[in-house]
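Structure at a glance
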Amino acid sequence: MKPSINKSSMKFLEKYLNTPSPTGAEINGQKVWIDYINSFVDKIHIDNYGTAYAIINPSAKYKVVIEAHADEISWFVNYITEDGLLYVIRNGGSDHMIAPSKKVHIHTKKGVVSGVFGWPAIHTRNYTGAEEAPKVETIWVDCGAQSKEEVEKLGIHVGCIITYPDEFFILNDTYFVCRALDNRIGGFMIAEVARLLKENNDTFDFGLYITNSVQEEVGLRGAEMITDTIKPDVAIVTDVTHDTTTPMIDMKKHGEIKCGKGPVITYAPAVQNNLRELIINASEENKIPFQRHASSRVTGTDTDAFAYSNGGVPSALISLPLKYMHTTVEMVHIKDVENTIKMIYHSLKSIKNNQDFKYLKV
């Protein structure tokens, strides 16, 4: 088997991560993804809301999905003051605690306008008493304008999307670091699986649908739409999960997951047990390290959307351990990325055409 990540892969990863892809406006990131994966597949489609899916063996009746989500958290301009300051609301689970002093990009029809999340200087705050933490309703963006009219002349209006400009880098030759690794790193990994299948001349009797869904961050909406379009027989979803060994996380509540120890296989009601065991067996046979995690009630990922669609689709979740989720310095271990690619690849090789995952045969 050829290396799971090469120089061409890295060039794609950096470009893909650095391209803004906010929830509801993912199209620029999807263009980068489609351009890369196009030569590895037979056909590509994109739906009305921007979910892209690349198909290998599109004429096959039995359909297997591998899926990630393409969107990143962001902000909406919600209110413009007469003095030219912008107040915001969330687009997805954006963290108000990290916003103050961050540079931002405000996306307009005229182009990108720079701004900053302002915050009062420490000298002027009540630092001798209890500090008031930032709240969504108390943080604001300053784009250097003196009035509402000047803001509007820049092309900014209510509804403009705001993203962070922080870009990709490698930390200590060990970690990929960037905003929006949740979950464009997933889109990267499933694209790499497609590349490996092409380069290794692998063939399937079933159809493989490499799916990069939109709008996960606001309720799994892209996955809900696309599973009804594709009507898959099997779905393997990849997303990120928390490295719970970082400070201030209670492992008794969240379990023990650590970057560098391998991808995470999830146990949850939405995860089909026989499909999960197929993934475990494929991993053990190919000496791929993995960790286990239990989710109560829901996984909180697109797995739930696929599992509970179309009368029930056998679905499983492979997660990538990540530090500092929903910040601009999300971190994943390079070895975990490589092993997740291998895990998905070998799991696909273990699935048989028309495989029946039912618990009982009657």
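See the structure above.
Described in the following lines is the structure provided in the data block. (Residues numbered from 1 in each chain as written. Predicted model: local features only at pLDDT ≥ 70, side-chain atom pairs only at ≥ 80, totals over all residues. Heavy atoms only, no water.)

Assigned secondary structure in the protein consists of nine helices and 17 strands. Seen along its three principal axes, the alpha-carbon backbone of the protein occupies a region of about 70 × 45 × 40 Å. With 362 residues in all, the protein has 55% of them scored as buried. When contacts within the protein are restricted to residue pairs at least 6 apart in sequence, those whose partners lie at least 24 apart make up 76%. Accessible surface computed for the protein: about 16600 Å², of which carbon and sulfur atoms make up 51%. Across the protein, the 38 positively charged side chains and the 44 negatively charged ones have centroids separated by 5 Å. (Helix = DSSP H or I, 4+ residues; strand = E, 2+ residues; numbered from the N terminus. Buried < 20%, exposed > 50% of the residue type's maximum accessible area, 1.4 Å probe, protein only. Contact = heavy atoms within 4.5 Å. Areas by Shrake-Rupley, 256 points an atom, 1.4 Å probe, with all protein chains shown as cover. Lys, Arg positive; Asp, Glu negative; His and termini not counted. Charge placed at Lys NZ, Arg CZ, Asp CG, Glu CD.)

What follows deals with the layout of surface pockets. As a volume, the largest pocket reaches approximately 520 Å³. Of the residues forming the lining of the largest pocket, the biggest block, four residues, is contributed by strand S13 (residues 234-242). Here the residues of the lining of the largest pocket are counted per class, giving six nonpolar, 15 polar and five charged. For the second largest pocket, the calculated volume is near 360 Å³. Every residue lining the second largest pocket is counted, 20 residues in all, and those nearest its centre are Asp233, Gln272, Gly312, Val313 and Pro314. Its residues assigned to classes, the lining of the second largest pocket comprises 11 nonpolar, six polar and three charged. (1 Å grid on protein atoms, 1.4 Å probe; cavity = no way out; pocket = protein on both sides within 12 Å on 5 of 7 lines; lining within 4 Å. Points joined across faces, edges and corners; volume = space filled by probe spheres on them. Nonpolar A, V, L, I, M, F, W, Y, C, P; charged D, E, K, R; others polar.)

This next bit is on the pattern of salt bridges. Evaluated as defined, the whole model comprises 11 salt bridges. A salt bridge links Glu132 to Lys135; the shortest N-O distance between them is 3.9 Å. A salt bridge links Asp202 to Lys349, with the shortest nitrogen-to-oxygen separation between them at 2.6 Å. Taken together, the positions of Asp202 in the loop between helix H4 (181-199) and strand S12 (207-213) and Lys349 in helix H9 (residues 334-350) put the pair 147 residues apart, joining distant regions of the chain. Its relative accessible area of 43% is what places Lys349 among the partly exposed residues. (Salt bridge = Lys/Arg side-chain N within 4 Å of Asp/Glu carboxyl O.)

This next bit is on the sheet that holds strand S17 (residues 330-333). Pairing in this open sheet of three strands is antiparallel, and the strands run S10-S11-S17 from one edge to the other. One side of each edge strand has no neighbouring strand; the edge strands of this open sheet are strand S10 (169-171) and S17. Taking each pair of neighbouring strands and ignoring which way they run, the sheet shows an average axis angle of 30°. Here three bridges tie S10 to strand S11 (residues 175-178), and the two strands are oriented antiparallel to one another. Its bridge partner lying in S11, Leu171 is registered against Tyr175. Relative to S17, H9 is tilted by about 65°, and along the sheet it contacts S10, S11 and S17. (Pairing = 2+ DSSP bridges. Axes fitted to C-alpha atoms, helices over the stretch in contact; angles between N-to-C directions.)

Turning next to the pairing of S17. Alternating positions in S17 separate into two faces, Glu330 and Val332 on one and Met331 and His333 on the other, with burial throughout. The pairing of S11 with S17 spans four bridges and is antiparallel. Following the sheet pairing, Cys178 is matched in S17 by Glu330.

This brings us to empty space enclosed by the protein. The gaps of empty space that remain are located by a probe, the size of a water molecule, rolled over the atoms. Throughout the structure, instances matching the rule amount to one cavity of 30 Å³ or more. Roughly 130 Å³ of volume is contained in the largest cavity. Along the walls of the largest cavity sit 14 residues, with Glu72, Ile73, Arg179, Ala180 and Thr327 positioned nearest its centre. For the lining of the largest cavity, a count of residues per class yields five nonpolar, five polar and four charged.

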